[in-house]
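# Topology and contacts: notes
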Amino acid sequence: MNLKKIFSSSFLVPISCFLLIAITVLCSRQQHTYQESNCFLVIYNHSKLPLLKLLFDPLRTDWQCYQARELSYLVDALDARFIYGCIKLKLAHFYSLSAIIFTLAGAAYISSMLRKLYSDAAEYLYYLPPLLYTLVHLDSISFFRSSKPAVAFGTTLIFFYFADLLKDPEKYSRIRSHWYAILTILLLPYFDRMGFFVTAVTAAGSITLMLAAATPQGERFQLGSKHLPALRPMVITATLSALLSVIYNFHIAPRIINALNGYYPSFEYQRLPEGSFLNIKAGVLFLIENTGHTFTALKLNPAAFAGIIIVLLVTAIALNLHKCDHLPRYFLPIWLLSLGTMVFCAAIITCRHPAMMKPDVIYGIYFLIFETLFVNFITILLFSTPGKTMLKKILVFLFAAGIAARIFMTASPPDKDGHLAMHHATTPYTIEMLNHPEKRPDRPLPQSSAHLIKFVHNRPGVLPLELTNPRFRKQDIRK
């Protein structure tokens, strides 16, 4: 048996990532109930709610926080029905099938693109980015919402699409070379508002790259006329996608919602609080704390300190490689602009949701897209660093530290404090009750968990659909 040939197989990396998820699921890790997810399981499996009407009913599917992300509701419905089917087979769980698929697809895509972009790298390097990518997504495989995992996957597709296009633009002279990126950028806005943000940034970024390539100064960043035909499809598609999603958000979706469900959604949730664009301090803190937490498992001030060091270290390595011409000269400005964009986006969402800065919330799913993007950037640095230099060793150590930190977090028991503590503590008992309809609860459960058990086992006391939604108020609906 040729072990070297086995370990160099392009299939072994995705298989390793699959095994990581399989072990996590078999050990019943990373699954928790939530008030919202329990309610969604009831709503998406209710026989009196046709799927089409439900997809355009943000009063129920988004608790009146209208965001025009109907594609995510469709995926959520499929997740919820998969879980419900498993419960009926007495195999109750709270894992999101879509999140697992998005994670494995992203890991497999990264693996294939790295072998395509850097075919002469050391074999062990091909394992590090997909494994870290998989581990950072393990936090999101518990059923909640599909929106952030879907956008994180789409962002990864777009990121490596540009990495390949900028490196070898001649391969993208034909429109069919762009099909998967075009499809991704057209769909992203309908999964989440952050999907719209990624689309808008992609449009602005591709226009900037095209303008740079069209001028003599573009040569300073290794951008020239050969990039123009390759960039044009994404410039057109991303710009149109952003514009179409705005029209859909404000005009098309509200009319469909009214036609199917008899009300117009409120835009109150989409109105940004005053000072959103100036909330830079909170945006920076959100970014550095989560970055430090990702690679060290530390929290609060130690995490923020680690995050500052990591961001500065990555920037210093990029600058060093930039000066030595080991890195494409367009990488450093793209990294710095992306860092600024992430801070800007974090400033907005933390102003929209101030509770995100609380210790038991800040390390949640809202950072997943930034986290994914950060992993992708340091992946390019890792594979662009030559030989066995100190910089290469530092980057390998950073990946190893991140993998170790995420494994530690996955294996650790859930926090005993915070607003989800009771849900985390009672998840195993909730699963036991779902699997055994003959039993009656003999210990306290969150109200939404108790309600889910009654619904699944057709017991009396199931609340009317209107009362399962704490935001359902007739006066909130504008006819």
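Summary of the structure given here.

How each quantity is defined
Residues numbered from 1 in each chain as written. Predicted model: local features only at pLDDT ≥ 70, side-chain atom pairs only at ≥ 80, totals over all residues. Heavy atoms only, no water. Helix = DSSP H or I, 4+ residues; strand = E, 2+ residues; numbered from the N terminus. Rg over C-alpha atoms; globule rule 2.2 N^0.38 Å. Buried < 20%, exposed > 50% of the residue type's maximum accessible area, 1.4 Å probe, protein only. Contact = heavy atoms within 4.5 Å. Areas by Shrake-Rupley, 256 points an atom, 1.4 Å probe, with all protein chains shown as cover. Lys, Arg positive; Asp, Glu negative; His and termini not counted. Charge placed at Lys NZ, Arg CZ, Asp CG, Glu CD. Salt bridge = Lys/Arg side-chain N within 4 Å of Asp/Glu carboxyl O. Phe/Tyr/Trp six-rings, centres within 6.5 Å; stacked < 30°, edge-to-face > 60°. Lys NZ or Arg CZ within 6 Å of the ring centre and 35° of its normal. Expected span 1.5 Å × (residues − 1). Polar contact = N/O pair within 3.5 Å; in protein donor to acceptor, adjacent residues only side chain to side chain. 1 Å grid on protein atoms, 1.4 Å probe; cavity = no way out; pocket = protein on both sides within 12 Å on 5 of 7 lines; lining within 4 Å. Points joined across faces, edges and corners; volume = space filled by probe spheres on them. Nonpolar A, V, L, I, M, F, W, Y, C, P; charged D, E, K, R; others polar. Patch = residues over 30% accessible without salt bridge, like charges linked within 9 Å, V, L, I, M, F, W, Y side chains within 5 Å. Core = buried A, V, L, I, M, F, W, Y, C linked by side-chain atoms within 4.5 Å. Disulfide = S-S within 2.5 Å. Axes fitted to C-alpha atoms, helices over the stretch in contact; angles between N-to-C directions. Parallel < 35°, antiparallel > 145°, perpendicular 65-115°, else oblique. Left-handed = near helix turned anticlockwise from the far one by under 90°.

## Details of the overall build of the protein chain
Secondary structure assignment for the protein chain yields 19 helices and zero strands. For 479 residues, the compact-globule formula gives about 23 Å, and the C-alpha radius of gyration of the protein chain, at 23 Å, lands near that figure. Projected onto its principal axes, the C-alpha positions of the protein chain cover 70 × 55 × 45 Å. Counting every position in the protein chain, which comprises 479 residues, the buried fraction comes to 54%. Contacts in the protein chain between residues far apart in sequence, at least 24 positions, make up 73% of those at least 6 positions apart. A total accessible area of about 21900 Å² is found for the protein chain, and carbon and sulfur atoms account for 67% of it. Side-chain charges of the protein chain comprise 45 positive and 27 negative groups, with the mean position of each set lying 3 Å from the other.

## Notes on the environment of histidine 451
Relative to the assigned elements, histidine 451 resides in helix H19 (residues 447-456). Here the alpha-carbon distance between histidine 451 and valine 42, two residues 409 residues apart in the chain, equals 8.5 Å.

## Some words on the pattern of salt bridges
Scanning the model with the defined rule gives 13 salt bridges in all. A salt bridge links arginine 69 to aspartate 192, with the shortest nitrogen-to-oxygen separation between them at 2.5 Å. Taken as a pair, arginine 69 in the loop between helix H5 (58-61) and helix H6 (70-88) and aspartate 192 in the loop between helix H10 (179-187) and helix H11 (193-213) lie far apart in primary sequence, 123 residues in all. Each member of the pair, arginine 69 as well as aspartate 192, is classed as buried. Among the salt bridges present, the one from lysine 439 reaches glutamate 432, with a minimum N-O distance of 2.8 Å. Assessed through its relative accessible area of 34%, lysine 439 is described here as partly exposed.

## A short note on the packing of aromatic side chains
Using the criterion set out here, one finds 27 aromatic pairs in the structure. Between tyrosine 66 and phenylalanine 267 the ring centres are 5.4 Å apart and the planes differ by 90°, which places this aromatic pair in the edge-to-face class. Of this pair, tyrosine 66 sits in the loop between H5 and H6 while phenylalanine 267 sits in the loop between helix H12 (228-261) and helix H13 (280-296), and the two are 201 residues apart along the sequence. Phenylalanine 267 shares its class with tyrosine 66; the two are buried. Between tyrosine 126 and phenylalanine 383, the ring centres sit 5.7 Å apart and the planes meet at 35°, which makes this aromatic pair tilted. Here the residue tyrosine 126 occupies a position in the loop between helix H7 (97-117) and helix H8 (128-137), and phenylalanine 383 occupies one in helix H16 (residues 368-384), the gap between them amounting to 257 residues. The exposure class of tyrosine 126 is buried, given its relative accessible area of 2%. Accessibility expressed as a relative area gives 8% for phenylalanine 383, which makes it buried. Note that arginine 115 overlies the ring of tyrosine 126, its terminal NZ or CZ placed 4.3 Å from the centroid. The aromatic ring of tyrosine 118 is capped on one face by lysine 167, whose charged end is 4.6 Å from the ring centroid.

## A few points about helix H17 (residues 390-411)
Over its 22 residues, H17 extends 31 Å from the first C-alpha to the last, a length consistent with the 32 Å expected when each residue adds 1.5 Å. Where H17 is buried, its residues touch helix H2 (12-26), H8, H13, helix H14 (300-323) and H16.

## Concerning the side chain of serine 245
With respect to the secondary-structure elements, serine 245 resides in helix H12. For serine 245, the side chain forms a polar contact with the main-chain oxygen of alanine 242, separated by 2.8 Å. Sequence-distant contacts of serine 245, defined by excluding residues within four places in its chain, comprise Pro189, Tyr190 and Phe196.

## Examining empty space enclosed by the protein
Applying the stated criterion to the full structure yields one cavity of 30 Å³ or more. Of the volumes computed, that of the largest cavity is approximately 30 Å³. Those elements giving two or more residues to the lining of the largest cavity turn out to be H13 and H16. Taken together, the residues of the lining of the largest cavity sort by class into four nonpolar, two polar and one charged.

## Things to note about the layout of surface pockets
Taken as a whole, the second largest pocket encloses approximately 1100 Å³ of empty space. Gly205, Leu209, Ile334, Ser338 and Phe377 are the residues nearest the centre of the second largest pocket, which is lined by 38 residues in total. Only helix H9 (147-167), H11, helix H15 (331-352) and H16 provide two or more residues apiece to the lining of the second largest pocket. The element best represented in the lining of the second largest pocket is H11, accounting for eleven residues. Considering only residue class, the lining of the second largest pocket consists of 29 nonpolar, eight polar and one charged.

## A few points about the side chain of serine 146
One can find serine 146 in the loop between H8 and H9. Contacts of serine 146, omitting those with residues within four sequence positions, involve Ser72, Val75, Asp76, Ser98 and Phe102.

## A few points about a nonpolar patch on the surface
Together, Ile236, Leu240, Leu243, Leu244, Ile247 and Ile252 make up an exposed nonpolar region whose accessible area comes to about 540 Å². Within the secondary structure, leucine 240 sits in helix H12. Overall, the relative accessible area of 46% leaves leucine 240 in the partly exposed class.

## What about the nonpolar core?
Within the largest apolar cluster, 103 residues are counted, with the highest numbers of intra-cluster contacts made by Phe160, Tyr161, Phe370 and Leu381. Aside from chain neighbours lying at most four places away, what touches phenylalanine 370 is Met194, Phe286, Met342, Cys345, Ala346 and Ile349.

## Focus on the state of the cysteines
For the structure on display, the rule yields zero disulfides. Cysteine cysteine 351 remains unbridged, with the sulfur of cysteine 345 as its closest cysteine sulfur at 13 Å. Its relative accessible area of 16% is what places cysteine 351 among the buried residues.

## Considerations on the packing of helix H3 (residues 35-44) against H19
For the pair H3 and H19, interaxial distance at closest approach is 9 Å and the crossing angle is 20°. Here H3 is positioned roughly parallel relative to H19, judged by the angle of their axes. Considering only the axes of H3 and H19, their crossing is left-handed. Between H3, through Gln35, Asn38, Leu41 and Val42, and H19, the contact on the second element is made entirely by Ser448, Ser449, His451, Leu452 and Phe455. Here the contact of H3 with H19 is built from residues that sort into four nonpolar, five polar and no charged.

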